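A look at the structure
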Amino acid sequence: MNIRFAKPSDIPGLLDLLAQVGEVHHQLRPDIFRAGAMKYDRAALERLLTMPDRPIFVADMDGAVAGYAFCILQITENDPVLRDRRVLYLDDLCVDEGHRGAGIATALYAAVTAHARALHCDAVTLNVWSGNDGARKFYEQAGLHPLKVGMEAVLC
């Protein structure tokens, strides 16, 4: 397995994994997530691959995309309330369902944190949906802890 930055030839594999993530989210919260929906389409991925502040890592296994990590560099400067800060936000991490349990998520997360350090970031942040217990357990074992908690009152 090789962890590297994504390239245009990875788009079909990224789309396959985005479909898997979409289904996980739909199963978890069908009241929020549409069946069959994906966060990005081919055109959006082509744009993202040109954006240095939106790095995408892939786990390459013999030329196939076995996992990905989408990131967003967030820079806060001269805010009246918040301190100046550089954060690498882990927007999405997925491992192909046929490759889970092989250490791919750990390798991807290590690449994300190494990249964050290289960018002189103060932190890596992410969101995880309540009910996605496997993801939450993985992130806690990786050393992450809650930063803030989103809450809702369902009215319908």
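Residues numbered from 1 in each chain as written. Predicted model: local features only at pLDDT ≥ 70, side-chain atom pairs only at ≥ 80, totals over all residues. Heavy atoms only, no water.

As for its placement among the helices and strands, C94 is situated in strand β4 (residues 85-95). Along the chain, C94 and V81 lie 13 residues apart, while their C-alpha atoms are 34 Å from each other. Excluding anything up to four places from it in sequence, C94 contacts L17, V21, A66, G67, Y68, R100 and L108. (Helix = DSSP H or I, 4+ residues; strand = E, 2+ residues; numbered from the N terminus. Contact = heavy atoms within 4.5 Å.)

Of all 11 residues making up β4, nine are buried, and the element is well covered by its neighbours. Here 10 bridges tie strand β3 (residues 64-76) to β4, and the two strands are oriented antiparallel to one another. Following the sheet pairing, A69 is matched in β4 by L93. Across four bridges, β4 lies against strand β5 (residues 123-126) in parallel orientation. (Buried < 20%, exposed > 50% of the residue type's maximum accessible area, 1.4 Å probe, protein only. Pairing = 2+ DSSP bridges.)

With that out of the way, let us pick up the sheet that holds β4. Across the sheet, five strands lie side by side as β1-β2-β3-β4-β5; this open sheet has mixed pairing. Whereas interior strands pair on both sides, the edge strands pair on one side only; in this sheet they are β1 (2-5) and β5. Across this sheet, the average inter-strand angle for adjacent strands is 30°, counted without regard to direction. Along the sheet face, helix α1 (residues 11-28) touches β2 (56-61), β3 and β4 and points at about 80° away from the line of β3. (Axes fitted to C-alpha atoms, helices over the stretch in contact; angles between N-to-C directions.)

Over its 18 residues, α1 extends 25 Å from the first C-alpha to the last, a length consistent with the 26 Å expected when each residue adds 1.5 Å. Among the residues of α1, those classed as buried are I11, G13, L14, L15, L17, L18, Q20, V21, G22, H25 and H26. Elements in contact with the buried residues of α1: α2 (42-48), β2, β3 and β4. (Expected span 1.5 Å × (residues − 1).)

As enumerated under the stated definition, the model contains five aromatic pairs in all. With centroids separated by 5.0 Å and ring planes inclined at 80°, the aromatic side chains of F33 and W129 adopt a geometry described as edge-to-face. One end of the pair, F33, is in the loop between α1 and α2; the other, W129, is in the loop between β5 and α4 (133-141), and 96 residues separate them in sequence. For W129, a relative accessible area of 36% puts it in the partly exposed group. Centroid distance Y40 to F70: 5.2 Å. Interplanar angle 25°. Geometry classified as stacked. Taken together, the positions of Y40 in the loop between α1 and α2 and F70 in strand β3 put the pair 30 residues apart, joining distant regions of the chain. (Phe/Tyr/Trp six-rings, centres within 6.5 Å; stacked < 30°, edge-to-face > 60°.)

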